[in-house]
Amino acid sequence: MYNVGVNGFSWSSTASGSNAHYLDFNYARIVLQNLNNRANGFQLRCLQHLSTNALFFPFFIRARISTAPADRILEKKSIFIPQKQHGRPLEPAETPELTRIDNRMNQTLHAIAARFQLSGEVQAVRPLGEGFINDTFIIETASAQDPNYILQRKNRHIFTNVPAMMDNIVRVTNHLKNKIVGRGGDPRREALTVTPSVDGKLYYRDDEGEYWAVCEFIADTIAYQRADTPELAYQGGKGIGRFQAMLADFREPLADILPGFHNIRYRFEQWDSVLAQDPVGRKASVATEIGWIEARREEMLRFWELVERGEIPTRVTHNDTKINNILFDRAGNVLCVIDLDTVLSATCLNDYGDAMRSYTNTGLEDDPKLENVSMDIDIFKAYTAGYLSETHAFLTPTEAEYLAFSAKYITYEQVLRFLMDYIDGDHYYKVKSTDHNLVRTRAQYRLLESMEAQYDEMQRIVHEELARYA
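A quick note: this is a predicted structure, and the numbers were derived from the prediction, not measured.

Visitor: Help me understand the nonpolar core in this model?
Guide: Burial of nonpolar side chains together is a common tendency in soluble globular proteins. The biggest cluster of nonpolar side chains holds 103 residues, and the ones touching the most others in it are Trp 271 and Phe 380. The element that contributes the greatest number of residues to this core is helix α12 (residues 403–424), accounting for 13 residues. Trp 271 has contacts with Ile 290, Ile 293, Glu 294, Arg 297, Leu 416, Leu 419, Met 420 and Ile 423, leaving out every residue within four places of it along the chain. Of all hydrophobic cores here, the second largest spans 14 residues; its members include Ala 113, Phe 116, Tyr 149 and Leu 151.

Visitor: Looking at this model, I keep getting lost on the pairing of strand β10 (residues 211–216). Mind explaining?
Guide: Two faces, one strand: in a regular strand the side chains alternate between the faces of the sheet. Along β10, six of the six residues are buried, which leaves the element largely enclosed by surrounding structure. Residues Tyr 211, Ala 213 and Cys 215 point to one face of β10 and Trp 212, Val 214 and Glu 216 to the other, with burial holding for every one of them. Here six bridges tie strand β7 (residues 149–154) to β10, and the two strands are oriented antiparallel to one another. Pairing of Arg 153 across the sheet is with Trp 212, part of β10. Remark: five residues form the turn of the hairpin made by strand β9 (residues 204–205) and β10, two consecutive strands paired antiparallel; Gly 209 in that turn has positive phi of roughly 85 degrees.

Visitor: Hey, could you run me through the side chain of Gln 414 in this one?
Guide: In this fold, Gln 414 is placed in helix α12. If we ignore the near neighbours within four places in the chain, the residues touching Gln 414 are Arg 357, Tyr 429 and Gln 444.

Visitor: Please clarify how the packing of helix α10 (residues 377–391) against helix α14 (residues 455–467) should be interpreted in this entry.
Guide: Packed helices, taken two at a time, are described by the angle their axes make and the gap between the axes. Relative orientation of the contacting elements α10 and α14 amounts to 30 degrees, with a least axis distance of 10 Å. In terms of axis orientation, α10 runs roughly parallel to α14. Crossing handedness for the pair α10 and α14: right-handed. Contacts between α10 and α14 pair Ile 377, Phe 380, Lys 381, Thr 384, Ala 385 and Leu 388 from the former with Glu 457, Met 458, Ile 461, Val 462, Glu 464, Glu 465 and Leu 466 from the latter.

Definitions and limits used
Residues numbered from 1 in each chain as written. Predicted model: local features only at pLDDT ≥ 70, side-chain atom pairs only at ≥ 80, totals over all residues. Heavy atoms only, no water. Core = buried A, V, L, I, M, F, W, Y, C linked by side-chain atoms within 4.5 Å. Buried < 20%, exposed > 50% of the residue type's maximum accessible area, 1.4 Å probe, protein only. Helix = DSSP H or I, 4+ residues; strand = E, 2+ residues; numbered from the N terminus. Contact = heavy atoms within 4.5 Å. Pairing = 2+ DSSP bridges. Axes fitted to C-alpha atoms, helices over the stretch in contact; angles between N-to-C directions. Parallel < 35°, antiparallel > 145°, perpendicular 65-115°, else oblique. Left-handed = near helix turned anticlockwise from the far one by under 90°.

Take it as geometry only, folks, not as evidence of what the structure does.
Okay, here's the thing in structure tokens:
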């Protein structure tokens, strides 16, 4: 072992070096630090002097580091059902490899589960999925008549106001349930159901200050990791569009749990500060990339001014619109939008633009082969058709006019953030190498260039789809 217990981290040694992998017990995750060495990592047998949070996650200690691709390990931030890439639900026994827990952890998790108003007797509590931000478990009940539950330890280092976050989720899901009942649907399957603690709160805070929350497990559903066909992209657009449409008349206040999120003026303040400081001396080496950002600054600010003036309204937004945050029924129909930790009030164009950045990229977010990266116009068209089939009735003319632009806006913001983190010394995003953020910057910029080259066609597609409902 290397640097055991330093700042909550422990590093494993390998034949090739001492920096192959680390375990972060503050966030309970395993990250590949050096992909060149990952195949040489030794199996971990013991750890000493860990932070107290390691009590809840000793199953990480006994697991060999996964040799799965790093993008699979890092991509998913919270998983509500067992799932595989091609949509076949997993049985609990097939959940990802880090599933074994010892008696001490088992007792702890059962004690936490007992803090919530569950129906039925708890039979087992087991780790579920590869959560990157939250730590997720499934609570299995003894009777088939009682639901199973999802238990999550919320990451209070990312979400600094968990009570407000949970209040947002319940306000939004209550509104959704009323709409679902009104149209004859099933509110327990088509919206998340938060289970309160025994003292009536929406969360339980343990003696270590960690926040836990529970929602009902939605059984017999399918989830996908990637929308790689137009048909699936259409359903993804329909899912997020329906979510926004049902919340279009939502008027309750929501806490701003992510200040400055997608606010380009705020990002430019950060950007200018980092450029002025140049803390690790990388600025001069990326003059070309800095030019990419500066050349589009005024264009992006003009868009954001429309939001600031209210010409583009704020609505309830999801803010993490990847396809794996939508559950489908076995017939392939959209059932439920999940992972609502980031719901807040913003322009709905953020959700659309973020989906376009995620769905349409033909390469990886950090693809070193730029020739792999472009915007798939067929996926764009399919998602847009699905999205507008649900949202055409409430979008304002200004929102509709800037729909295609929002894809460029969100992608540009990500180029800026990756490059800013590179210049700042890689403090925000986890990296696999010293140039990882620069690789990400260039890959996302190639995607942005592809969007710009096809922008007229993107606009034409939006107008054509809107014309169907005129």
